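Descriptive structure summary
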Amino acid sequence: MKLSERLEKALNKQVNMEMHAAYLYKGMEQYFKENGYAQYAHFFNEHVKEELKHANDFESFIEDVDGHVEFFSIEGVVTEYASPKAAFDAAMEHEKEISASIIGILEIAIEEKHYAAENFLRTYVDEQVEEEASADEVVQNLKLAQGAPGALFMLDRELGTRVPAITVNAPAAD
Ligand code: FEO
C-alpha cells in the first residue's frame, strides 16, 4: 500500500509535530520543576514520553508501508509561563492543533482510499479525544484555583495520586 507523495509528506509532518509536542512539554516540565510543582512536572514528563511514542508510531507506520521517513527541524520552546494555567492552556491549544492535523491527514487517506493509513489514523483520532480530555480536566481545575496559590499546590499534590491513571496509552504501532 504505497503512500502518495501528499500522504507521505503529511505523515512526516505529523512525526515532526509529535516531536515538537515532546519538546514543548519538556519546556513545561522545566517550568513546573523550577516553580516547585513536582507533580505537574511529572505529568509533563510522562507526556514527553507519550509524544515520543506517538512520533515513533507515525515513523513506524511510514516504514511499514515502504515510505520514506524525514526528520525536520524542531522549533525551540519556552520554559517560562505566566502561571500554571497559562502552561496548561498552551498544552490544550497544542493538543487541539495536533487533533486538527490528524483529522486533516485522515481526510487525505479517505480521499485517496488508503485504508491502512485510514485505520492507523482513526486510532489516533481516538487517542486525541483522550489527550484533549486529560489536558482539559487540569485546565478546569486550575481555573477554579486561580488566584489561590495554596489551592494550586494542593491540586499539584492531588494530581500526583492520579497521573498514572490519566496518562494516555498510545495505540500500538503494529
Ligand atoms: Fe501526540 Fe498529545 O498528541
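Residues numbered from 1 in each chain as written. Predicted model: local features only at pLDDT ≥ 70, side-chain atom pairs only at ≥ 80, totals over all residues. Heavy atoms only, no water.

1. Overview of empty space enclosed by the protein
Going by this rule: Only protein atoms enter the calculation, which uses a 1 Å grid: trapped sets of points that fit a 1.4 Å probe without letting it out are cavities, open sets showing protein on both sides within 12 Å along at least five of seven lines are pockets, and any residue with an atom within 4 Å of a point is a lining residue. Grid points are joined across faces, edges and corners, and a volume is the space filled by probe spheres set on the points. The numbering of helices and of strands both runs from the N terminus, where a helix is a DSSP run of H or I of at least 4 residues and a strand a run of E of at least 2. Gly is placed with the polar residues, together with every amino acid not listed as nonpolar (Ala, Val, Leu, Ile, Met, Phe, Trp, Tyr, Cys and Pro) or charged (Asp, Glu, Lys and Arg).
This model, assessed by the stated rule, comprises one cavity of 30 Å³ or more. The calculated volume of the largest cavity comes to roughly 60 Å³. In terms of lining, the largest cavity is formed by Tyr 25, Phe 43, Phe 44, His 47, Phe 88, Ala 91, Glu 95, Glu 131, Ser 134 and Ala 135. Among the secondary structure elements, those contributing two or more residues to the lining of the largest cavity are helix 2 (38–64), helix 3 (84–111) and helix 4 (115–145). When its residues are assigned to classes, the lining of the largest cavity shows six nonpolar, two polar and two charged.

2. Here we look at the nonpolar core
The tendency in soluble globular proteins is for nonpolar side chains to be buried as a group. Our working rule: For our purposes a nonpolar core is just a set of buried Ala, Val, Leu, Ile, Met, Phe, Trp, Tyr and Cys residues, chained together by side-chain atoms within 4.5 Å. Accessibility here uses a 1.4 Å probe with only protein chains present; expressed as a share of the type maximum, an area under 20% marks a residue as buried, one over 50% as exposed, and anything in between as partly exposed. The criterion used for residue contact is that any of the two residues' heavy atoms lie within 4.5 Å.
In terms of nonpolar packing, the biggest core is built from 48 residues, with Leu 11, Phe 32, Tyr 40, Phe 88 and Leu 121 touching the most fellow members. For this core, the elements supplying multiple residues, two or more each, are helix 1 (5–34), helix 2, helix 3, helix 4 and helix 5 (149–160). The greatest single-element share of this core, amounting to 12 residues, is contributed by helix 1. In contact with Leu 121, other than residues within four places in its own chain, are Leu 11, Phe 58, Ile 102, Ile 105, Leu 106 and Ala 109.

3. Considering the packing of aromatic side chains
The line we're drawing: Ring pairs shown here join Phe, Tyr and Trp side chains whose ring centres sit within 6.5 Å, with only the six-membered ring taken for Trp; geometry is labelled stacked below 30 degrees between planes, edge-to-face above 60, and tilted in between.
Applying the stated rule across the entire model yields 16 aromatic pairs. Relative to Phe 44, the ring of Phe 32 has its centre 5.7 Å away and its plane inclined at 5 degrees; by these criteria the two rings are stacked. One end of the pair, Phe 32, is in helix 1; the other, Phe 44, is in helix 2, with 12 residues separating them in the sequence. When sorted by exposure, Phe 32 lands in the same class as Phe 44, which is buried. With a centroid separation of 5.5 Å and 50 degrees between ring planes, the pair formed by Phe 120 and Tyr 124 is classed as tilted. Here the residue Phe 120 and the residue Tyr 124 both occupy positions in helix 4, the gap between them amounting to four residues, near one helical turn. The class for Phe 120 is buried, based on a relative accessible area of 7%. The exposure class assigned to Tyr 124 is buried, which follows from its relative accessible area of 0%. Linked through ring pairs, Tyr 25, Tyr 31, Phe 32, Tyr 37, Tyr 40, Phe 43, Phe 44, Tyr 81 and Phe 88 together constitute an aromatic cluster.

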